[in-house]
There are 2 protein chains.
Amino acid sequence: MLDSLDKKSGISLYQQIYEDIRGDILSGRLSEGEKLPSKRALAERLRVSLVTVENAYAQLSDEGYITARERSGYYVRYSGGAVDAASLSAEPQYNLSDEEKDELSGGASLFPFTVWAKLMRRVILERGTKLLVPSHGCGVWELRCEISRYLYRVRGISVSPECIVIGAGTEYLYNMLIQLLGRDRSYGTEDPCYSKLSRIYAVNGVSHQAVSLDAQGMSVSALADSGVSVAHISPAHHFPTGIVMPISRRRELMYWAEQGDDRYIIEDDYDSEYRWSGKPVPSMFGMDRTGRVIYVNTFSVTIAPSVRIGYMCLPERLVELWENRLGFSSCPVPVFEQYTLAEFISGGYFERHINRMKKHYRRIRELVLQVFTLFEGTTISEERAGLHFLADICGNADEVMSFCDSCGIQITPLSEYFIRKADSDDRYVVNYRSADEDSLSRYIKEKGR
Amino acid sequence: MLDSLDKKSGISLYQQIYEDIRGDILSGRLSEGEKLPSKRALAERLRVSLVTVENAYAQLSDEGYITARERSGYYVRYSGGAVDAASLSAEPQYNLSDEEKDELSGGASLFPFTVWAKLMRRVILERGTKLLVPSHGCGVWELRCEISRYLYRVRGISVSPECIVIGAGTEYLYNMLIQLLGRDRSYGTEDPCYSKLSRIYAVNGVSHQAVSLDAQGMSVSALADSGVSVAHISPAHHFPTGIVMPISRRRELMYWAEQGDDRYIIEDDYDSEYRWSGKPVPSMFGMDRTGRVIYVNTFSVTIAPSVRIGYMCLPERLVELWENRLGFSSCPVPVFEQYTLAEFISGGYFERHINRMKKHYRRIRELVLQVFTLFEGTTISEERAGLHFLADICGNADEVMSFCDSCGIQITPLSEYFIRKADSDDRYVVNYRSADEDSLSRYIKEKGR
C-alpha cells in the first residue's frame, strides 16, 4: 500500500488511493478477509483529509472490492478473481426466488446492482423534471456519445454519435431496420441461427432466406444464389456454431455487398466481448468504406436481460434515410434508463463489469472444457470465443445431459436452430452462461482422478 | 379540522388526518398560505403519536398540498384549484430551459415529479436486484393488474390482466398489432387523422385506406366500400375534428365488425379523460360481446411524453393468437418503469393527477373559448371534450395566428391532417394543451371591455 501520494500528478488524491488499493486486491497482495487500515490512520499516514480517504473507500465498497463491518472497519471482500456473486447480492431484501435466479443468467447475478442503484438515485436527483422531457427520436445525446467513445476504445470503431440509434433491445431494432431498408427486398440469415431472428422476419412478412454456412461462416456462393440483398450475420462469434469468421470471408462478404447499390450487411456483434485468446476480431462496420454495414449490439446480454437497451450504428448514407422515413418515431427507451446507462459507461463501471465477467467466464470455460474431456466418446469444437460451443455426443448422451442439467449448462440439439432440415443428430450446442462453478469443480475432482 | 379521530373505523389514524386536511384544502376551508397547527400541537389535540401526524404531513407535503418552511412550520401550498406548476417544480436544480419547457406541454409541467421520484427511490430500495429479472413478454403482472382495476374504476371496462399488453408507447403497439393481425389485410384509418398513424401503416408496408367521416365519425358506408377489415378509430374524441361518436354510430360500427369473422376495431382512447360535461362516453371495448375490439391507450399524454408506456386490451380470442405469434417477443419497457407506474396508480397518485389536470384544463378551456368569441368572423365547433377544437377563421387570420402563437396555443390548418386532398381552407385545429393561462386572462381583460 502507498506511503505517500503524488500531489503533482494531475490525478486526484482520492483516485490514487482507490487505484492503489484496487491494484493490491487484484494482484492478490491484499487477500480476501484482510483488514484495511482505518480511514483516520490512512489519512494521517498519507497526509490527506479524512474525506479523501472516505471517498476512496466508498468507491471501493460500491464496486464490491471491500466491505464495512460495523464498529470494526473495512475488509477486503473481493476474492482476487471475479466478484463473489453471493456477497454482491447479500442484502437480504434482494434475495431472489429459485425461479428468478434461473431467469437471471450467471452474468446478471454478477452485475454490480448497488452501483447501478446509486447511479439511478443520482440521475433522479441531478436531472429532476428534465426526465419528463422526451429525448431525440434516436435517443439521449449523452448516451449516444458514451457509446461512440466506448466503441472506439473497445472495438476500434470510429462512429459519430449522430449515426447511433438507441432502441428497446435488438428485437425492436430489427423491426425498425426492416422499416428502414424496406419490405420489397429479401433478407438472408445464417442457417442455423438464433431462432428469434427468423421469427422476427416472419412476423414482419418480408421475404426471408436461410443461407447455409460452410466452415468459415455464411457461404458467399449460397448468398449470391439466394437473391437476398441484406445479409444478417454474426461474424465475431456465430450462434449456435461458434464460428469466428476469418478475415478472408469478411472481405468476400464486403465485396459481395459492394457489388450492388442496395446491398447491406447487418452485423450482430452480440458477444464480441468474450474472446479467450488473441486480439479482438475487428468489426466489419470498422472495415466498411462504402456505407454497407449496419452494426447492432445490446446491453441486455452484458448488463441484465431486463435492461432493454440496444443500439445500432448506421452508415452515414442511411442516417438521412432514417430521418426521412422514421424521423417521426419516438425513442422507446425511457430517458431515465438512458441517462443511468450513460453514467454507468462514463464512470468506467461498464468496462469494469465486463472485465469481471470475462474473468468469471474464463474460469467457467476452462472448467467446462475440462469436464467435457472426461466424457468418453464426446468431441467438441470451440474457437476460443463466446459462451457456447458445439459438442458431438455419442453413446453416453444421457449421462452428459443429466450432468449439464444439474450444473446449469444448457444443452440443445443443434438441429433445433436450423431453418431448413439438416442432419446434425449427434451435435449439440453447449451454453455455459449460467453454469455453476462449484458443481463443475466437484465433478472434476471426483471423475478426474 | 378534526378534533378527534375514529379509532374503530378501520381507517388508519394517519390516513384520517391526511384525508381531513386534504379535504379542507380542496374545499377551500384552508386557503393558500395559511399555517397548519404544529405537529406536536395536533398530536396532543388528537391524542395520537407525533409519528402519526408526521406521516400525514409528509404525505400532504409529497403531494404538494402543504410545504414546510424552516423553523416556522407547515403552510398550505395548494391554491384550491390545480397545483401551481411553479411551486411544484421549485427546486432550483430542476429548472428547465425555455426550450425544454416548450417540449413539456402544459400538462407535464403539472406532473407531481416529487411523488414520482419518491416512488422511483422506493422501487429501487424495495425491489433491488429483482429489477434485473425480465418481466413477462406482456409486461409486469402488478402493472397489468393496476391498469385492469383502473379501467374498471374510471372507464367501466372489465378486462382481465391476462388480456393487457404493455408496450413502449402507442407507436410500438400499433406496429405489434400489425404483426398480430397480419399483413394480408387492409387497415382503415379516419380521414383526417393524427398524421403519425398513416405513416406507421405506410412504413409497415400494409394496405391502408383513408376512410372518410361524416358528422358522426367514420362513415359506415365508406367503410363497407373500402374493403378494409380493421377499422382504426378514436370514438371518445376524434383527432383532429373533435367529433364524439354517438352511440348509434358505435352500434353501427360494432355491427359492421360482427358481419365478418376477421373484422376488428382498434379503439384509440387517447384523451377520454377530458370530458367537460355529462357522463364519460362508454368505451367500445366495454360494449363488445364478440371479441372484435382492441382498446389502446397511453400514459405519455397523461403523465409525460418521456414516459413511453402504453397498453392495449386484447379480446380473449386474440390473447391466444398473441401467445402463438408474438409470445417470443420481450416486453420493451424496463421493469423499473413498470413497477414505478404500478405504484403511482395503486397509491392513487395517478387519479389525483388526472383530476388536477382536468381542473387546470377546464379553466384553460373556458378562457380559450371566451377569447375565440372575441375574434370577429371566427366560429368554432366544440363538443365539450378533449383539448382541441375546430375553428373557421375568416378575414382576420393573421391576428388570430399571432395571438395563439404568443400564448402557446397550437393552430394548424385542418387540411394538413387529411390523407386525401380535401377542401377545408379556412378551418383550423386549435390545440390548447400548452396554453398560458395568464396571457389568456390578460387578453380577455384588454379586449373584452
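Anyway, here's the lowdown on the structure attached to this text. Once a new chain begins, its residue numbering starts again from 1 and follows that chain's sequence as written. Chains and ligands are labelled sequentially in the order written, the chains with letters from A and the ligands with numbers from 1. Since the coordinates come from a predicted model, pLDDT governs what is reported: local features require at least 70, and pairs of side-chain atoms require 80 or more to be given and counted, while whole-chain, interface and lining totals use all residues. Side-chain numbers come from the whole structure's heavy atoms, not from hydrogens or water.

**Overview of the overall build of chain A**
And then number 1: To qualify as a helix, a DSSP run of H or I must reach at least 4 residues; to qualify as a strand, a run of E must reach at least 2; elements of each kind are numbered from the N terminus. Looking only at helices and strands, chain A has 18 helices and 14 strands in total.
And then number 2: Atoms considered for the radius of gyration are the C-alpha atoms alone. The globule rule reads 2.2 Å times the number of residues to the power 0.38. Taking 22 Å as the expected radius of gyration for a compact globule of 449 residues, we find that chain A reaches 24 Å, a close match to that expectation.
And then number 3: For chain A, the spread of C-alpha atoms along the principal axes amounts to about 75 × 60 × 40 Å.
And then number 4: Throughout this description, buried means an accessible area under 20% of the type-specific maximum (1.4 Å probe, protein chains only), exposed means over 50%, and partly exposed covers the range between. Burial status across chain A gives 57% buried among its 449 residues.
And then number 5: About 18800 Å² of surface is accessible on chain A, with carbon and sulfur atoms providing 47% of the total. Residue burial considers only the protein chains on display, and all accessible areas are found by Shrake-Rupley using a 1.4 Å probe.

**Observations concerning the environment of Lys-7 of chain B**
Residues and elements named next belong to chain B.
And then number 1: Inspection of the secondary structure puts Lys-7 in the segment before helix H1 (13-27).
And then number 2: Residue Lys-7 is classed as exposed on the basis of its relative accessible area of 56%.
And then number 3: Each C-alpha atom of the pair Lys-7 and Val-230 lies 56 Å from the other, and the pair is 223 residues apart in sequence.
And then number 4: Here, residues are in contact when the closest pair of their heavy atoms is within 4.5 Å. Those residues in contact with Lys-7 that lie beyond four places of it in its chain are Leu-13 and Arg-47.

**Looking at the interface of chain A and chain B**
And then number 1: Taken together, the 52 residues of chain A in the interface contact 52 residues of chain B.
And then number 2: Buried area is a sum: the accessible area each of two parts loses on coming together, probed at 1.4 Å, counted once for each and added. When chain A packs against chain B, close to 4900 Å² is buried across both sides, 64% of that on carbon and sulfur atoms.
And then number 3: Broken down residue by residue, the surface that chain A buries against chain B is led by Leu-132, Val-203 and Phe-328 of chain A, which jointly contribute 16%.
And then number 4: Here a salt bridge means any side-chain nitrogen of Lys or Arg lying within 4 Å of a carboxyl oxygen belonging to Asp or Glu. For the interface between chain A and chain B, the tally reads 0 salt bridges.
And then number 5: Identification of polar contacts relies on pairs of N or O atoms within 3.5 Å, with a donor-acceptor requirement for protein atoms, meaning one able to donate a hydrogen and the other able to accept it, and with residues adjacent in sequence counted only if both atoms are side-chain atoms. Our count for the contact surface shared by chain A and chain B stands at 21 residue pairs in polar contact (both at pLDDT 80 or more).
And then number 6: Elements with a contribution of two residues or more to the side of chain A that touches chain B: helix H5 (98-103), helix H7 (113-127), helix H9 (169-181), helix H10 (195-203), helix H14 (316-326) and helix H15 (335-346) of chain A.
And then number 7: Looking at the side of chain A that touches chain B element by element, the count peaks at 8 residues for H7 of chain A.

**Brief notes about unusual backbone geometry**
Note: most peptide bonds trans; most residues except glycine with negative phi.
And then number 1: Here the bond from Asp-191 of chain B into Pro-192 of chain B is cis, since omega is 10°, no more than 30 degrees from zero.
And then number 2: Inspection of the secondary structure assignment puts Pro-192 of chain B in the loop between strand E4 (186-191) and helix H10 (195-203).
And then number 3: Note that the residue after Phe-239 of chain B, namely Pro-240 of chain B, is joined by a cis bond; omega there is 5°.
And then number 4: Structurally, Pro-240 of chain B can be placed in the loop between strand E7 (230-233) and helix H12 (247-258).
And then number 5: With a phi angle near 55°, Arg-47 of chain A is a residue other than glycine that sits in the positive phi range.
And then number 6: Notably, Arg-384 of chain A is not glycine yet its phi reads approximately 55°, a positive angle.
And then number 7: Within the fold, Arg-384 of chain A resides in the loop between strand E11 (378-381) and strand E12 (388-393).

**A look at the pattern of salt bridges**
Residues and elements named next belong to chain B.
And then number 1: If you walk through the whole model with that rule in mind, you get 27 salt bridges over all chains.
And then number 2: The partner of Glu-171 in a salt bridge is Lys-196, and the shortest N-O contact between them spans 2.7 Å. Placement of the pair is Glu-171 in helix H9 (residues 169-181) and Lys-196 in helix H10, with a sequence separation of 25 residues.
And then number 3: When the shortest N-O distance is used, the salt bridge between Asp-214 and Arg-249 registers 2.9 Å. In this pair, Asp-214 is assigned in strand E5 (residues 207-214) and Arg-249 in helix H12, connecting sequence segments 35 residues apart.
And then number 4: Using a relative accessible area of 32% as the deciding quantity, one classes Asp-214 as partly exposed.

**What to know about the sheet that holds strand E13 (residues 410-413) of chain A**
All names here are of chain A.
And then number 1: For two strands to be treated as a pair, DSSP must find at least two bridges joining them. One open sheet holds the 4 strands; their spatial order is E11-E12-E14-E13, and the pairing between them is antiparallel. The open sheet terminates on both sides in strands that have one partner only, identified here as E11 and E13. Sheet twist, expressed as the mean angle between neighbouring strand axes with direction ignored, is 30°.
And then number 2: Between the N-to-C directions of two axes lies an angle of 0 to 180 degrees, each axis being a line fitted to C-alpha atoms and, for a helix, fitted only over the stretch in contact. Its contacts with the sheet put helix H16 (residues 349-374) on E11, E12 and strand E14 (427-431), and the angle it makes with E12 is roughly 5°.
And then number 3: Contacts from helix H17 (residues 397-406) reach E11, E12, E13 and E14, with the element oriented near 140° to E13.

**Some thoughts on the relation of the copies chain A and chain B**
Mapping between the two copies of the chain is achieved by a rotation about an axis and a shift along the axis.
And then number 1: Least-squares fitting of chain A to chain B yields an RMSD of 0.2 Å, with the transformation described by 0.0 Å of translation along the axis and a rotation of 180°. Taken together, these values place the two copies in the relation of a two-fold axis.
And then number 2: Comparing contact sets, 100% of the residues at the interface of chain A also lie at the interface in chain B, consistent with an isologous, same-surface contact. The superposition of copies rests on a least-squares fit of C-alpha positions from residues with pLDDT of 70 or more in both.

**Considering the packing of helix H17 (residues 397-406) of chain B against helix H18 (residues 437-447) of chain B**
Residue and element names in this part refer to chain B.
And then number 1: One can describe the packing of H17 onto H18 by two numbers: an axis separation of 9 Å at closest approach and a directional angle of 140°. Classified by the angle between their axes, H17 and H18 sit oblique to one another. For the pair H17 and H18, the contacting residues are Glu-399, Phe-403 and Ser-406 in the first and Ser-439, Leu-440 and Tyr-443 in the second.
And then number 2: Within the contact of H17 with H18, the residues separate by chemical class into 3 nonpolar, 2 polar and 1 charged. Under this scheme an angle from 65 to 115 degrees is roughly perpendicular, one under 35 degrees roughly parallel, and one over 145 degrees roughly antiparallel; angles in between are oblique. In this count, Pro and Cys sit with the nonpolar residues alongside Ala, Val, Leu, Ile, Met, Phe, Trp and Tyr, while Asp, Glu, Lys and Arg are called charged and the others, Gly among them, polar.

**Details of H17 of chain A**
Residue and element names in this part refer to chain A.
And then number 1: Every buried residue belonging to H17 is among Ala-397, Val-400, Phe-403 and Cys-404, and all of these are buried. Down the axis of H17, the sector holding all buried residues measures 135°, keeping them to one side. Structural note: H17 exposes Asp-398, Asp-405 and Ser-406 on the side pointing more than 90 degrees away from its buried face.
And then number 2: Directly after H17, the chain includes Gly-408, whose backbone phi takes a positive value near 85°. Along the arc lie the directions from the helix axis toward the C-beta atoms.

**Some words on the packing of helix H7 (residues 113-127) of chain B against helix H15 (residues 335-346) of chain B**
Residue and element names in this part refer to chain B.
And then number 1: Put simply, H7 and H15 touch, their axes get as near as 9 Å, and they point 120° apart. As the angle between them shows, H7 and H15 are arranged oblique. Along this stretch, H7 crosses H15, giving a crossing that reads as right-handed. Contacts between H7 and H15 involve Val-115, Trp-116, Leu-119, Met-120, Arg-122, Val-123, Ile-124, Glu-126 and Arg-127 on the former and, on the latter, Phe-336, Tyr-339, Thr-340, Leu-341, Glu-343 and Phe-344.
And then number 2: Across the contact of H7 with H15, the residue classes break down as 10 nonpolar, 1 polar and 4 charged. Crossing chirality is assigned from the near helix's rotation relative to the far helix, an anticlockwise turn below a right angle marking it left-handed and a clockwise turn marking it right-handed.

**A few points about the sheet that holds strand E6 (residues 217-218) of chain A**
All names here are of chain A.
And then number 1: The sheet built from 8 strands is open, its strands ordered E3-E10-E9-E8-E7-E4-E5-E6 with mixed pairing. A single partner strand is all that each edge strand has here, and the edge strands are strand E3 (164-167) and E6.
And then number 2: By the bridge criterion, 4 bridges tie strand E9 (residues 293-298) to strand E10 (residues 310-313) in an arrangement that is antiparallel. Bridge pairing links Asn-297 to Tyr-311 in E10.
And then number 3: Sitting on the sheet, H9 touches E3, strand E4 (186-191), strand E7 (230-233), strand E8 (264-268), E9 and E10, and the angle it makes with E9 is about 160°.
And then number 4: Sitting on the sheet, helix H12 (residues 247-258) touches strand E5 (207-214), E6, E7, E8 and E9, and the angle it makes with E8 is about 140°.

**Concerning H15 of chain B**
And then number 1: Here H15 of chain B is 12 residues long and its end C-alpha atoms lie 16 Å apart, about the 16 Å a rise of 1.5 Å per residue gives.
And then number 2: Counting buried residues along H15 of chain B, 11 of its 12 residues qualify, which places the element largely inside the surrounding structure.
And then number 3: For H15 of chain B, the set of buried residues is Val-335, Phe-336, Glu-337, Gln-338, Tyr-339, Thr-340, Leu-341, Ala-342, Glu-343, Phe-344 and Ile-345 of chain B.
And then number 4: Taken together, the buried residues of H15 of chain B touch H7 and H15 of chain A together with H7, helix H8 (141-155), strand E3 (164-167) and helix H16 (349-374) of chain B. What a helix should span is 1.5 Å times the count of its residues minus one.

**Describing the packing of aromatic side chains**
And then number 1: Put simply, two rings from Phe, Tyr or Trp (the six-membered ring, in Trp's case) pair if the centres are within 6.5 Å, and we call them stacked under 30 degrees between planes, edge-to-face over 60, tilted for the rest. Tallying each qualifying case throughout the model produces 46 aromatic pairs over all chains.
And then number 2: With a centroid separation of 5.5 Å and 40° between ring planes, the pair formed by Phe-299 of chain A and Tyr-311 of chain A is classed as tilted. One end of the pair, Phe-299 of chain A, is in the loop between E9 and E10; the other, Tyr-311 of chain A, is in strand E10, with 12 residues separating them in the sequence. Here Phe-299 of chain A matches Tyr-311 of chain A in class, with each residue buried.
And then number 3: When the ring of Phe-111 of chain B is compared with that of Phe-344 of chain B, the centres are 5.5 Å apart and the planes differ by 45°; the resulting orientation is tilted. Linking Phe-111 of chain B in the loop between helix H6 (106-109) and H7 with Phe-344 of chain B in helix H15, this pair joins segments that are 233 residues apart in sequence. Neither residue differs from the other here; Phe-111 of chain B and Phe-344 of chain B are each classed as buried.
And then number 4: Only lysine NZ and arginine CZ atoms are considered, and such an atom sits over a ring when it is within 6 Å of the ring centre and within 35 degrees of the ring normal. Sitting above the plane of the Tyr-339 of chain A ring, Arg-127 of chain A keeps its charged end 3.9 Å from the centroid.
And then number 5: When the ring centre of Tyr-75 of chain B is taken as origin, the NZ or CZ atom of Arg-69 of chain B, which lies over that ring, is 3.8 Å away.

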